[in-house]
Amino acid sequence: MILALSISACGSQNSSGNSGAAATAAPTASGQASDAPAAKAPVKISYLTFRVGTHASAKLEEEQIKQFNAKYGKEVEVVVEEIPSDSAYEDKLKILAVSGDVPDVVMGKNGINDILIKGNLVTPFNDYLDKDPEWKAAVGEAAIAANTRDGKVWSISDQKQNIGYFYNKEMFEQAGIKPAQTWDEFMSNNEKLKAAGFVPLALMTGENAWTTNLILAALVGTNGDAGNKFMNTLHPTDFNTPEMIQALNMMKTMLEKYTTKDALGAGYANAANAFSQNKAAMIANGPWMIGDFSDPTKSSAGFDKKVGVAAYPNNSLISTYEVGYMIGAKTPETRDAAEKFIRFKTGIEGQTIALEYGNVMPVSDKIQPSDVLKQKYPLFVESIKLAQQTQVHYQSFDSIVYPNITDAWKSLYPKLVFGQSTAEEIAKELTKIAAKHK
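Reading the values: rules and limits
Residues take numbers from 1 onward in each chain, read along the sequence in its written order. Only residues with pLDDT of at least 70 are given local features in this predicted model, and only at 80 or more are side-chain atom pairs given and counted; all residues enter the totals for whole chains, interfaces and linings. Side-chain descriptors were evaluated using all non-hydrogen atoms of the structure, hydrogens and water having been removed beforehand. A fitted line through C-alpha atoms serves as each axis, taken over the contacting stretch for helices, and the angle formed by two N-to-C directions is quoted from 0 to 180°. In this text, helices come from DSSP runs of H or I with a minimum length of four residues, and strands from runs of E with a minimum of two, each type numbered from the N-terminal end. Put simply, a crossing is left-handed when the front helix is turned counterclockwise from the back one by less than a right angle, and right-handed when it is turned clockwise. In what follows, a contact means two residues having at least one pair of non-hydrogen atoms within 4.5 Å. For this classification, Asp, Glu, Lys and Arg are treated as charged, while Ala, Val, Leu, Ile, Met, Phe, Trp, Tyr, Cys and Pro are nonpolar and the rest, including Gly, are polar. Side-chain rings of Phe, Tyr and Trp, where Trp is taken by its six-membered ring, are said to pair if the distance between their centres is within 6.5 Å; with planes under 30 degrees apart they count as stacked, over 60 as edge-to-face, and otherwise as tilted. Partly exposed describes any residue whose relative accessible area lies between the buried limit of under 20% and the exposed limit of over 50%, with all areas from a 1.4 Å probe on protein chains only and scaled to the type maximum. Definition used: whenever NZ (Lys) or CZ (Arg) falls within 6 Å of the ring centre and also within 35 degrees of the ring normal, the charge is taken to sit over that ring. Note that the domain bounds were set by an automatic or database domain assignment. Summed over both partners, the accessible area (1.4 Å probe) lost when two parts come together is defined as the buried area. Just to be clear on terms, a salt bridge is a Lys or Arg side-chain nitrogen sitting within 4 Å of an Asp or Glu carboxyl oxygen.

Looking at the packing of helix α3 (residues 58–72) against helix α16 (residues 348–358)
Now for step 1: With their axes 8 Å apart at the nearest point, α3 and α16 run at an angle of 145° to one another. Note that α3 runs across α16; the crossing there is right-handed. Of the residues in α16, those in contact with Lys59, Leu60, Glu63, Gln64, Gln67 and Lys71 of α3 are Glu349, Gly350, Ile353, Ala354, Tyr357 and Gly358.
Now for step 2: Its residues placed into classes, the contact of α3 with α16 shows four nonpolar, four polar and four charged.

What follows is the structure in structure tokens.
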């Protein structure tokens, strides 16, 4: 008994002697707190995206977020809100900008960047880029310069936009035509396609009049040095030019005679469907659309074999950089987290994902399409060659005009087509609208 009591006493003393260290170094069975630092919760950032559902870039968006989460999910939690369309996204961002409550990560497309910069709602990337030379090199000087204002880099581009037009090779063959080398030939092709029983062009004037304005940009951008200079000028204020008026008159003819019946007021989905379902012979758009041509939910069976890609007349192409992503976060912690997400999407990894999953041309020349992609989408390889061969380049209207101009097309084109305004009057109205930008 004496021996047992002695051992018990020693055990009690040892236990009490370690209670100040060991007992707090690890959680006990009773759930006492530990001295080990608790795992830090990931920083939450908000992100709105229109690249969802049937959008041409939905797959690349999903894969980028998936791979980012796998790599950085313990540090950053991306709270995604899906917006059903480009126009709905733009409308919501404009509303949020008024209240100053923009998401932590913003795609600055179609004038959103101007609104956020003017409202002092975003943070420039200069310091972030300087701290990461590898990322800076992956984006490239040209893409950075395209999104720099007064020395500040407000957004980071995630893609090059080299845009010509796609055409239905079977329809062209039956009409006895080839892609036009001049605008006179282009208009002649429209007439021959119509005579052969085809609708020549998949146009639309709703939303931002995207497919229509790509052709309008090509008309202006190939009309001499003055027209090319206009289409390479950020925020033009005077639309009263011979090149603009001539282009509007030609666009009026195309909308009156050579497009689908629903073109006036139609959205992008209408135009894309018209081309992919063999209802129109041509659509102006970029290579991100190529995946749709072999997608059975969007195109008729074997449609991808019927599609060719062409430059605009005068050996020209729309060539610009997407505006890309902006930091709308308000605290240092969320700004850093937003930058990390944007750095992933626009760095080598993100660009590679966008190329392989969305047929998006990377901003870095170091990234080349894989053999699998080349075999799956030979039309994409043709698009790359086309971009390398063209000699005349200019930007799209969406990339150069003020946001209120982008909003105005949907109301101006019907006036032009229905004879309520002449091309000269539309040009004057555009000039007045630009002057109202604040």
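A closer look at the packing of aromatic side chains
Now for step 1: On inspection of all chains with the given rule, the structure shows 21 aromatic pairs.
Now for step 2: Where Tyr47 meets Tyr325, the ring centres are 6.4 Å apart and the plane angle is 55°; that geometry is what we call tilted. Taken as a pair, Tyr47 in strand β1 (residues 43–49) and Tyr325 in strand β10 (residues 325–327) lie far apart in primary sequence, 278 residues in all. The same class applies to Tyr47 and to Tyr325, which are both buried.
Now for step 3: Chaining the aromatic ring pairs together yields one cluster made of Tyr47, Phe68, Tyr72, Tyr325, Phe341 and Phe344.
Now for step 4: One cation-aromatic arrangement involves Lys109 over Phe50; the distance from NZ or CZ to the ring centre is 4.7 Å.

Quick look at the domain arrangement of the protein
Now for step 1: Splitting the protein by domain gives domain 1 (43–160 + 321–378) and domain 2 (161–320 + 382–437).
Now for step 2: For domain 1 versus domain 2, the distance between C-alpha centres works out to 26 Å.
Now for step 3: Listed per partner, the contact involves 22 residues of domain 1 and 23 residues of domain 2.
Now for step 4: The junction of domain 1 with domain 2 conceals about 1,900 Å² of combined surface from both sides, 52% of it contributed by carbon and sulfur atoms.
Now for step 5: Applying the counting criterion to the domain 1 and domain 2 interface returns one salt bridge.
Now for step 6: The shortest N-O distance in the salt bridge between Asp407 and Lys94 comes to 2.8 Å.
Now for step 7: Mapped onto the side of domain 1 that touches domain 2, the elements with two or more residues apiece are α4 (86–99) and α5 (112–118).

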